[in-house]
Amino acid sequence: MVDRIEGQFYTMEGIAAAVLMVLTAYLVMSTTSVYTPGDTHIIDMQLEQVGNDALKIMDTKYNVSANLTDLEQYLWDNNSSGFSTTFNSLLNSNNPGINPVKFKADIYYVTGTDNVSKYEFLPATSYIGDVNGVSVSRWVYLPRRSPVLAPYQNATGNHTVLLEVLLWRD
Amino acid sequence: MLGLIMVAGMVPGLLIGLQRTTAIDYDAVAYRTAAILTEDPGWPVYPAWELSDNTGGVDRIGLAVAKESPNVLSMAKIEKFNDSSFFSYPEDYRKKIIFGDYPYRFNISLKDENGAIIPPIGDQIPDLGGYGYIKRVVKIKGESYDILNLNSTSCNNTYCTRFFNETNTSSQMFNITLNLTSLLDKSINPAYQYDPRVEPINITMYNFNTTLNCNDTFRTRTYDFPYVANATTWNDTYNLTSCPVSANLSTVRFYRNDVQIPIDYYTTAADYRLSIDGNPNSYNLSPHSEVRDNISLIIYPSSHLPLDEGTKLDIRFTFQDAYNGTPIARTLIGGSHEIAYRTGNPNDTFIQQNLSDAWLEVAVW
């Protein structure tokens, strides 16, 4: 039989235990978030971000009356050296003392038989690197063109090709 | 028990040291800051934060022109962002772009191929590393302006109307219209849109001397004001052989949907800038001043003219001599000109600068 005084003690103990458990749970939740594990994905993210930015910027018209964006124009003309120069300057300008970003570019396009083919738009100059490679891509709209200058182009209709750029640092 | 709880309460404080030494966290903060700056127009959006009179009206600093056009930055926002007399360093920047409870130090720079667009904001980046960093590639949208060459033969057809046979009008009015319905048409990408609510209205007219009234009626009248080249005395009668050398700009008035906007037209203000013939001093909007070659008017968005979608703003330039004794206007410029997007016509007068490449870099430590 539990008397009145004992009952009060049990209640107080119960409340104290509850408070302690809630407090412990709170401490565990609030302290674990402090330990952010470090890994190399952040470096990948930076490279991916700047690569995506560069493609987005190259695929933005200078003004509203321009017909094609820089990126569309380079692909339209099959001008890989122009692409390389512009992309390189967007990625590597204002970077004194930092290893330049290297890149290669492929174009995926649908052929007449609905198969996807790959065209090596810009081959890599070297494959020496010490950080993970990152791939960025963008769909590029190409108006029809005659005569065609590259296999990914179409003489009869407008179409869209997938430009994939692989980025890495030396 | 109480002691145990207090000790347990101090444990997170002990662990904060770990957070400060983890560089990985800085990269994430740098990424978030750069994302806000390049992809977000800031808050509030309308009225835009850069038009706010005090920092309390700015919740978040974002530089993008609009949410729909990330990576395209507005020059007006960049200038406000860099305004050290407006934002106090570093508290305002920490509160409005960096966020977080920890007092981060930072360095934000914006460069193009010619160098820094604005001086870097923040502290010197530590040489020894240990800071979070991210670089974003962006485009910058410059300011737009309208420039009218009154000497152009197309002035007659497209810019303005010249009343060559007009002999009996004591004043001429030239009207410049901004139709916000067509300027803010939703079909135009915000990156290429001209929004006079957040961008300056910049108008220049030059070659005024080619619009001056030189017909016979003008030359054989009696004048009481020496506004012609060979007149030296007032209240004399001349049988003039030469044409007037200047016009007289009496007033500039703003109309919203054909109703005059009630602002102070008699005091110069920082919200607009009216300059005549390259004079560095700004005139008020009732200048009553001689114009030989050019008029330039810039209305800054800080003037808060009551503009919204669907309204029409008219800027009316009236040319009339200060003393109403002259029954004939000295200039033949008149009619109306609308500021509109270029259509490829060689007579287009509205200039929108090309988007230019730039790099935004954020370092946080």
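## Focus: the overall build of chain A
The helix and strand tally for chain A stands at four helices and four strands. What you see in chain A, going N to C, is helices and strands ordered as α-α-α-α-β-β-β-β. When contacts within chain A are restricted to residue pairs at least 6 apart in sequence, those whose partners lie at least 24 apart make up 63%. In the form shown here, chain A has an accessible surface area of approximately 9,900 Å², with 57% of it arising from carbon and sulfur atoms.

## Some remarks on unusual backbone geometry
All names here are of chain B. Of note, the amide linkage connecting Trp43 to Pro44 takes the cis form, showing an omega dihedral of 0°. With respect to the helices, strands and loops of the structure, Pro44 is situated in the loop between α2 (23-39) and β1 (72-74). Of note, the bond from Tyr89 into Pro90 is cis; its omega dihedral lies within 30 degrees of zero at -5°. Within the element layout of this structure, Pro90 appears in the loop between α3 (75-81) and α4 (91-98). Residues other than glycine seldom take positive phi values, yet Asn71 does so here, at roughly 75°. Looking at where Asn71 falls in the secondary structure, it is placed in the loop between α2 and β1. Residue classification places Asn71 among the buried residues on the basis of a relative accessible area of 0%.

## Examining the layout of surface pockets
Residue and element names in this part refer to chain B. By volume, the largest pocket is sized at about 750 Å³. Contributing to the lining of the largest pocket are 31 residues, with Val45, Val65, Ala66, Gln193 and Asp195 lying nearest its centre. For the lining of the largest pocket, the leading source of residues is α3, giving three residues. When the residues that make up the lining of the largest pocket are grouped by side-chain class, the tally is 13 nonpolar, four polar and 14 charged.

## Quick notes on helix α4 (residues 80-92) of chain A
Relative to the 18 Å expected for 13 residues at 1.5 Å per residue, α4 of chain A spans 17 Å between its end C-alpha atoms, a close match to the ideal helical length. The complete set of buried residues in α4 of chain A reads Gly82, Phe83, Thr86, Phe87, Leu90, Leu91 and Asn92 of chain A.

## Points about the pattern of salt bridges
Residues and elements named next belong to chain A. One pass over the full model with this rule turns up 20 salt bridges over all chains. When the shortest N-O distance is used, the salt bridge between Arg145 and Asp77 registers 3.2 Å. Here Asp77 lies in the loop between α3 (70-76) and α4 and Arg145 lies in the loop between β3 (134-142) and β4 (159-169), a separation of 68 residues in the sequence. In this structure, a network of salt bridges that share partners links the residues Lys104, Asp106, Lys118 and Glu120.

## Thoughts on the sheet that holds strand β17 (residues 356-364) of chain B
Sheet architecture is open: five strands sit in the order β1-β4-β17-β2-β3 (chain B), paired in mixed fashion. Unpaired on one side and paired on the other, β1 and β3 (115-122) of chain B mark the two borders of the sheet. Pairs of neighbouring strands in the sheet enclose a mean axial angle of 30°, with direction left out of account. Two elements, strand β2 (residues 106-112) of chain B and β3 of chain B, share five bridges in a ladder whose sense is antiparallel. Counted as the bridge partner of Ile108 of chain B is Ile121 of chain B from β3 of chain B. Sheet contacts for α4 of chain A: β4 (132-141) and β17 of chain B; angle to β4 of chain B, the most-contacted strand, approximately 125°.

## Describing the confidence of the model for chain A
Residues and elements named next belong to chain A. When pLDDT is averaged across chain A, the result is 83; 86% of the residues are at 70 or more. Within chain A, no element has a lower average pLDDT than helix α2 (residues 41-58), which sits at 84, and none a higher one than β3, at 92. In this model, residues 34-40 is a region of pLDDT below 50 whose contacts with residues beyond four sequence positions or in other chains number eleven contacts.

Definitions and cut-offs
- Residues numbered from 1 in each chain as written.
- Chains lettered and ligands numbered in written order.
- Predicted model: local features only at pLDDT ≥ 70, side-chain atom pairs only at ≥ 80, totals over all residues.
- Heavy atoms only, no water.
- Helix = DSSP H or I, 4+ residues; strand = E, 2+ residues; numbered from the N terminus.
- Contact = heavy atoms within 4.5 Å.
- Areas by Shrake-Rupley, 256 points an atom, 1.4 Å probe, with all protein chains shown as cover.
- Buried < 20%, exposed > 50% of the residue type's maximum accessible area, 1.4 Å probe, protein only.
- 1 Å grid on protein atoms, 1.4 Å probe; cavity = no way out; pocket = protein on both sides within 12 Å on 5 of 7 lines; lining within 4 Å.
- Points joined across faces, edges and corners; volume = space filled by probe spheres on them.
- Nonpolar A, V, L, I, M, F, W, Y, C, P; charged D, E, K, R; others polar.
- Expected span 1.5 Å × (residues − 1).
- Salt bridge = Lys/Arg side-chain N within 4 Å of Asp/Glu carboxyl O.
- Pairing = 2+ DSSP bridges.
- Axes fitted to C-alpha atoms, helices over the stretch in contact; angles between N-to-C directions.
- pLDDT = per-residue confidence, 0-100.

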